[in-house]
Amino acid sequence: MDTAGKVNGSAKFGLDYRPEGTLTALIAKPPRFGGKVKSFDATAAKNVAGVTDVVQIPQGVAVLAKDMWAAMKGREALKVEWDESAAEKRGSAEIMADYKKLAAAPGTNVRKDGDVAAALKGAKKTITAEFEFPYLAHACLETMNCTVVLKPDACEIWSGSQMPTADQLTAAGIAGLKPEQVKVHSMLAGGSFGRRITPTSDIVNEAVHIAKAIGGKAQVKLVHTREDDIRGGWYRPMTLHRFTAGFDAKGLPTVWDHRVVTQGILAGTPFLPPGQMDFTATEGSSTLPYAFPNLSVDVHLAQTGIPVLWWRAVGSTHSAYATEVFVDQVARAAKKDPVAFRRELLTKHPRHLGVLNLAAEKAGWDTPLPKGKARGIAVHESF
């Protein structure tokens, strides 16, 4: 129903909403996650034509101006000294090195079929593989934004959100209002992929804090630039997958041992009941459909200062690749055709088997390929 408006330009996204008199806000945030404002000098920023206010909020220092360009120039002129005493100072390489140390020992077991330790001890041959996945930003086409009108007895919000109810509750808490005094207008969102549903309602949280800091004197439109968006956090977690497969005297695979090291996404959110393991960490790994007689999946939930979030297909965005590539490696070690090998292991999962067979048939799996061409196959269930 919304296709026509999106094609002809009449559809209204959050970034499109900017009534007369609205102040545009940008935030200077700590360069490292976990950093805080130590002090700031707003003199040069306030001298930029169009800048109206410079205020501190919990997330950093906000510069408000009559238009986007003035807000950008004002933020560039702002001088901030940061307290990084509690900040995350490791880079990706250091964090991955710590992941590998964790992977040297068993983690929390989430699936155990048979006796993996005994099977590995008795294996005539083993193969191992590691797969490293980086932090990934959502990079939505429409960067994060939110417009707020704050009054003593009411608050109105315009935002493309995946969870308006949480935004309403967050805004009410910051503004000191009852939830029913907060009205949320759900705008069209130019891409979400999980980014517009954060545990802290981050964009609304920031915008309401800014409106509160200026005493609600004007309508505030908070915008994240593309640079803010990429550096601002809430990434798909960096993840390490480590596999070991064992083979018997006939060269048949008898054991599959899978260890995952990643950050938990659900801890501290309403989506994870107390005492339960974060299922997103091993999504697509713990549900492996292949019938290995001895199979183990365990996980280490690493602690870092990097904010992480669900990203599109969440756990399956990395587990599908890691598990299916390793299945191919196991098939090669067993001297088996990748499709025939999967068929043998999917006897208890007829739906997976049906999909695999249909894909192989339509791809002409058994037909020869021209020189320089190759084909591969994978089967994975997401959600």
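Scroll up a little and you will see the structure.
What counts as what
Here the residue index of a chain counts from 1 through its sequence in written order. Thresholds applied to this predicted model are a pLDDT of at least 70 for local features of residues and 80 or more for the giving and counting of side-chain atom pairs; totals over whole chains, interfaces and linings are not thresholded and use all residues. Side-chain metrics rest on all non-hydrogen atoms present in the structure, leaving aside hydrogens and water. Accessibility here uses a 1.4 Å probe with only protein chains present; expressed as a share of the type maximum, an area under 20% marks a residue as buried, one over 50% as exposed, and anything in between as partly exposed. Helix and strand assignments follow DSSP, with helices taken as H or I runs no shorter than four residues and strands as E runs no shorter than two, numbered in order from the N terminus. Any two strands between which DSSP finds at least two bridges are classified as paired. To obtain each axis, a line is fitted to C-alpha atoms, and for helices this fit is confined to the stretch in contact; angles are then taken between N-to-C directions over 0 to 180 degrees. Note on contacts: a residue pair is in contact if any heavy atoms of the two residues lie within 4.5 Å. Counted as salt bridges are all cases of a side-chain nitrogen of Lys or Arg within 4 Å of a carboxyl oxygen of Asp or Glu. Charge assignment: positive for Lys and Arg, negative for Asp and Glu; neither His nor the chain ends contribute. Polar contact is defined as a pair of N or O atoms within 3.5 Å, subject to the rule that within protein one atom must be able to donate a hydrogen and the other to accept it, and that residues adjacent in sequence are counted only when both atoms are side-chain atoms. Each angle is binned into one of four classes, with values under 35 degrees roughly parallel, values over 145 roughly antiparallel, values of 65 to 115 roughly perpendicular, and all other values oblique. Left-handed describes a crossing whose near helix is turned anticlockwise from the far helix through less than a right angle; right-handed describes the clockwise counterpart. Polar here means any residue other than Ala, Val, Leu, Ile, Met, Phe, Trp, Tyr, Cys and Pro, which are nonpolar, and Asp, Glu, Lys and Arg, which are charged; Gly is therefore polar. Think of it as the arc spanned by the lines of direction from the helix axis to the C-beta atoms.

## Notes on the pairing of strand 14 (residues 294-301)
Of all eight residues in strand 14, seven are buried; the element is thus mostly enclosed. Where strand 6 (residues 108-113) meets strand 14, five bridges bridge the pair, whose relative direction is antiparallel. Looking at strand 14, one finds that asparagine 109 is bridged to aspartate 298. Pairing of strand 13 (residues 253-262) with strand 14 involves eight bridges; the strand directions are parallel. Its bridge partner lying in strand 14, histidine 258 is registered against valine 297.

## Thoughts on the sheet that holds strand 12 (residues 239-247)
The strand order across the open sheet formed by five strands is 6-14-13-12-7, and the pairing between neighbours is mixed. Both outer strands of the open sheet, strand 6 and strand 7 (125-133), are each paired with one neighbouring strand and no more. Direction aside, neighbouring strands of the sheet carry axes that sit 10° apart on average. With respect to the sheet, helix 4 (residues 92-103) is in contact with strand 7, strand 12, strand 13 and strand 14, its orientation differing from that of strand 12 by roughly 35°.

## A word on the sheet that holds strand 3 (residues 51-57)
Sheet architecture is open: seven strands sit in the order 3-4-1-11-8-9-10, paired in mixed fashion. This sheet does not close on itself; its edge strands, each paired only once, are strand 3 and strand 10 (182-186). Neighbour to neighbour, the strand axes of the sheet diverge by 25° on average, direction disregarded. The pairing of strand 8 (residues 145-151) with strand 9 (residues 154-159) spans five bridges and is classified as antiparallel. Counterpart to valine 149 in the pairing with strand 9 is glutamate 156.

## Side note on the pattern of salt bridges
Under the criterion given, the structure shown has 21 salt bridges. Across the salt bridge formed by glutamate 84 and arginine 32, the nearest N and O atoms sit 3.0 Å from each other. With a gap of 52 residues between them, glutamate 84 in the loop between strand 5 (79-83) and helix 4 and arginine 32 in the loop between strand 1 (23-28) and strand 2 (36-41) connect regions that are remote in the sequence. A relative accessible area of 34% places arginine 32 in the partly exposed class. Across the pair aspartate 202 and arginine 195 runs a salt bridge whose closest N-O atoms are separated by 2.9 Å. Judged by its relative accessible area of 8%, aspartate 202 falls in the buried class. One connected set of salt bridges, linked through shared partners, spans Glu88, Arg90, Asp98 and Lys101.

## As for unusual backbone geometry
Trans peptide bonds make up most of the peptide bonds, and negative phi angles are found at most residues other than glycine. Of note, lysine 335 is a non-glycine position whose phi angle comes to about 60°, a positive value. One non-glycine residue, phenylalanine 383, lies in the positive phi region at around 55°. Within the fold, phenylalanine 383 resides in the segment after helix 11 (350-362). Its relative accessible area of 66% is what places phenylalanine 383 among the exposed residues.

## Concerning the side chain of arginine 236
Among the structural elements, arginine 236 can be located in the loop between helix 8 (226-231) and strand 12. Of the side chains with opposite charge, glutamate 283 lies nearest to the buried arginine 236, which makes no salt bridge, at 11 Å. A polar contact is formed between the side chain of arginine 236 and the side chain of threonine 317, at a distance of 2.9 Å.

## Quick look at the packing of helix 10 (residues 338-345) against helix 11
Contact geometry of helix 10 with helix 11 gives a least axis separation of 10 Å together with a crossing angle of 160°. Judged by the inter-axis angle, helix 10 sits roughly antiparallel to helix 11. Crossing handedness for the pair helix 10 and helix 11: left-handed. Contacts from Val339, Arg342 and Arg343 in helix 10 reach Leu353, Leu356, Asn357 and Ala360 in helix 11. Looking at the contact of helix 10 with helix 11 residue by residue, the classes come out as four nonpolar, one polar and two charged.

## A short note on the pairing of strand 11 (residues 220-223)
Successive side chains on a regular strand alternate, one facing one side of the sheet and the next facing the other. Side chains Val220 and Leu222 of strand 11 all project onto a buried face; the interleaved residues Lys221 and Val223 project onto the opposite face, where all are buried too. When strand 1 meets strand 11, the two strands line up parallel, connected through three bridges. Bridging from a neighbouring strand, alanine 25 pairs with leucine 222 of strand 11. The sheet contact formed by strand 8 and strand 11 spans four bridges and is antiparallel. Across the sheet, valine 148 pairs through a bridge with valine 220, a residue of strand 11.

## A look at the environment of alanine 331
If you trace the backbone, alanine 331 turns up in helix 9 (residues 316-333). In contact with alanine 331, not counting residues within four places along its chain, are Lys336, Pro338 and Phe341.

## Here we look at helix 10
For helix 10, the set of buried residues is Val339, Phe341, Arg342 and Leu345. All buried residues of helix 10 project into a common sector of 160° when viewed along the axis, lining one side. On its buried face, helix 10 is in contact with strand 13, helix 9 and helix 11. Its side-chain oxygen 2.9 Å from the backbone nitrogen of valine 339, aspartate 337 forms the N-cap of helix 10.

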